[in-house]
Amino acid sequence: MTDEKIRSYFPQLMSERGGIRPVYLDSAATSQRPEEVIDAISSFYRNNNANPHRGTYTEAEDATAVYEKARTDTASFIGADACDIIFTRNASESINLVAYTWGMENLREGDRVVITIMEHHSNLLPWQRLCRAKGAELVYLYMNEDFEITDREIDEKVTSNTKILAFTHVSNVLGIMSPVKKLTEKAREVGAVTVVDCAQSIPHMKVDVKEMGADFIAFSAHKMFGPFGLGVLWGRNELLEEMPPFLSGGEMIEYVREQDATWAPLPAKYEAGTQDPAAAAGFSAALSFIQRIGYDEIGKREKAVYDYAVERLKDLSCVELYGPFDIERYGAIPFNVKDVHPHDTATVLSADRVCVRAGHHCAQPLLKRMGLNSCCRASFSVYNSKEDVDRLCESLLKVRSQLGLGDV
Amino acid sequence: MELDEIYTQVITENSRSKEHRYQMQAPSVVKEGVNPSCGDEITLQLELDGNVIKDAAFIGDGCAISQASANIMIDLIKGKTTEEAKRLSGIFTGMIKGDVTGEDELDELEDAQAFQGISHMPSRVKCAVLGWHTLDEALKGVSEQQ
Ligand SMILES: Cc1ncc(COP(=O)(O)O)c(C=O)c1O
Ligand SMILES: [Zn+2]
């Protein structure tokens, strides 16, 4: 498939402003949506609009069918059973759900929750708050200077009083993978529950719940070509069955009496209130988009662009690149222009319609550990091309002089 | 977007200026300000003599806009009374919001007028006002004490 062909699926990438197209390098924040996803959402509102699981008339049945189809699509996408797929608003909510239900129920004073230093705040703060509430200890797995979390680090920190081991599959800042196999094995050994944040992996690679061997998996539709406002939590059936509900309200009950209630069976037990069937329709379309292109093609294209970006950026004397270069990385490259604050860099790039993120990327402890306050991040998806990298580099060369600095 | 209207020489030079960027010996007031979204930080230090800002300095880390704005602000408020400083702060935020456009008022801001272009860039407004906002907070503490 040509670059232009892939790009043409994404209307926003084709939109010209001042005669130039955007170079979108912020897919780790949210991806662009292909036309078919946008159409599916709009088609829901045009043709099937009703509250799912509420009415008995045709439109309501349609809305239910659309919503539940997204669940079965998601289940087959990650090799799970549909009843173990809980729809939330986003990956953050999915992780909070686990912290506030399984965590609140099972964590005791003196227990340990272990996470990695690479976590996005979404997979850090729920655990930090839980630990504070329970008098438990929050322990970090650190990387060595080669950006690896060693077996030794894991064996030392994942102790027998560890109840939860939560880690990101792929880092949203460094683009590197956690040692999933070792972590899940170790967790099983000590009897800890594993929560894997797949928000940054599933846009780039196949995630299969059985292969991964985790207890909970969280991700967001909006980072994988789907709509905003829809997240996924997959959980191991026994755990989902025994946990108490998270939010309560409409549709998540079996029976309500004045002073107590019983809960609906899975997955409804965790889906209080009116859900977003339009987003679900869009998500089904996003999943079939990924399947049509295929993770092989996605991976191949992204790797080619990633490798090209590293090679070109390494050649720019004004740019400082962070992270390792001898291990496989996915999606994100952190960098700075020397002596320039990342916010200024992003502003200068934006004048050329080059979109990069600048800041702490919701991973302040990681940046601190890297000795940084903030940095720029270019992140890639299937629609990026080498030409995008060229435009990034061209724009980066203007940054220092725009800020009144000479060459380095 | 016209970058040259934002990254003017006044701003780029002030962003790197060391003139007011140091740790003061015995400041009467110290106030920290941050922009959580972009991570700009400044610590403003004031030495007060009665209601006169006898001396002022800052330390900070952040984008060119935030650091230049803090430096230029200190140029302006040194030697002024706290009331005058507050009034200038009002004019500055008014200019950024686009509410203050009168030439006489703007002239009082001297070099700080260079930030007028930022009002077109909502994502950078916070950077430009960080120093002034921190000043307001610092002076609030002072008037409560008095
Ligand atoms: C690794 C990782 N985890 C979690 C999240 C949170 O996703 P959301 O904001 O959709 O909840 C993000 C988003 O940037 C992320 O990169
Ligand atoms: Zn800033």
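Quick summary incoming for the structure in this document. Predicted, not measured: the structure shown is a model, and the values here were computed from it. (Residues numbered from 1 in each chain as written. Chains lettered and ligands numbered in written order. Predicted model: local features only at pLDDT ≥ 70, side-chain atom pairs only at ≥ 80, totals over all residues. Heavy atoms only, no water.)

1. Focus: the sheet that holds strand β1 (residues 29-35) of chain B
Residue and element names in this part refer to chain B.
Right, on to step 1. Within the open sheet, the three strands sit side by side as β1-β2-β3. Their pairing is antiparallel. The open sheet terminates on both sides in strands that have one partner only, identified here as β1 and β3 (52-61). Strand-to-strand twist across the sheet, computed as the mean angle between neighbouring axes with direction ignored, equals 20°.
Right, on to step 2. Taken together, the seven bridges between β1 and strand β2 (residues 40-49) define a ladder with antiparallel strand orientation. Bridged to N35 within β2 is D40.
Right, on to step 3. Sitting on the sheet, helix α3 (residues 64-77) touches β2 and β3, and the angle it makes with β3 is about 170°. (Pairing = 2+ DSSP bridges. Helix = DSSP H or I, 4+ residues; strand = E, 2+ residues; numbered from the N terminus. Axes fitted to C-alpha atoms, helices over the stretch in contact; angles between N-to-C directions. Contact = heavy atoms within 4.5 Å.)

2. A few points about a negative patch on the surface
All names here are of chain A.
Right, on to step 1. Among the surface-exposed residues, E145, D146, E148 and D326 lie close enough to one another that they form a single negatively charged patch.
Right, on to step 2. Structurally, the position occupied by E148 is in the loop between β4 (137-141) and α7 (151-157).
Right, on to step 3. Using a relative accessible area of 37% as the deciding quantity, one classes E148 as partly exposed. (Patch = residues over 30% accessible without salt bridge, like charges linked within 9 Å, V, L, I, M, F, W, Y side chains within 5 Å. Areas by Shrake-Rupley, 256 points an atom, 1.4 Å probe, with all protein chains shown as cover. Salt bridge = Lys/Arg side-chain N within 4 Å of Asp/Glu carboxyl O. Lys, Arg positive; Asp, Glu negative; His and termini not counted. Charge placed at Lys NZ, Arg CZ, Asp CG, Glu CD. Buried < 20%, exposed > 50% of the residue type's maximum accessible area, 1.4 Å probe, protein only.)

3. A short note on the side chain of T101(A)
Right, on to step 1. Within the element layout of this structure, T101(A) appears in helix α5 (residues 91-106).
Right, on to step 2. Non-local contacts of T101(A), meaning those with residues more than four positions away in its chain, are made with M243(A), P244(A), P245(A) and F246(A).

4. Considering the coordination of the zinc ion (ligand 2)
All names here are of chain B.
Right, on to step 1. D40 (OD), C63 (SG) and C127 (SG) make up the full set of protein donors to the zinc ion (ligand 2), lying at 2.0 to 2.4 Å.
Right, on to step 2. When the donors of the zinc ion (ligand 2) are listed by position in the chain, the intervening gaps give D-x22-C-x63-C. In this pair, C63 is assigned in the loop between β3 and α3 and C127 in helix α6 (residues 122-145), connecting sequence segments 64 residues apart.
Right, on to step 3. Since its relative accessible area comes to 0%, C63 is described here as buried. (Donors = N, O, S within 2.8 Å, 3.2 Å for Na, K, Ca; no water.)

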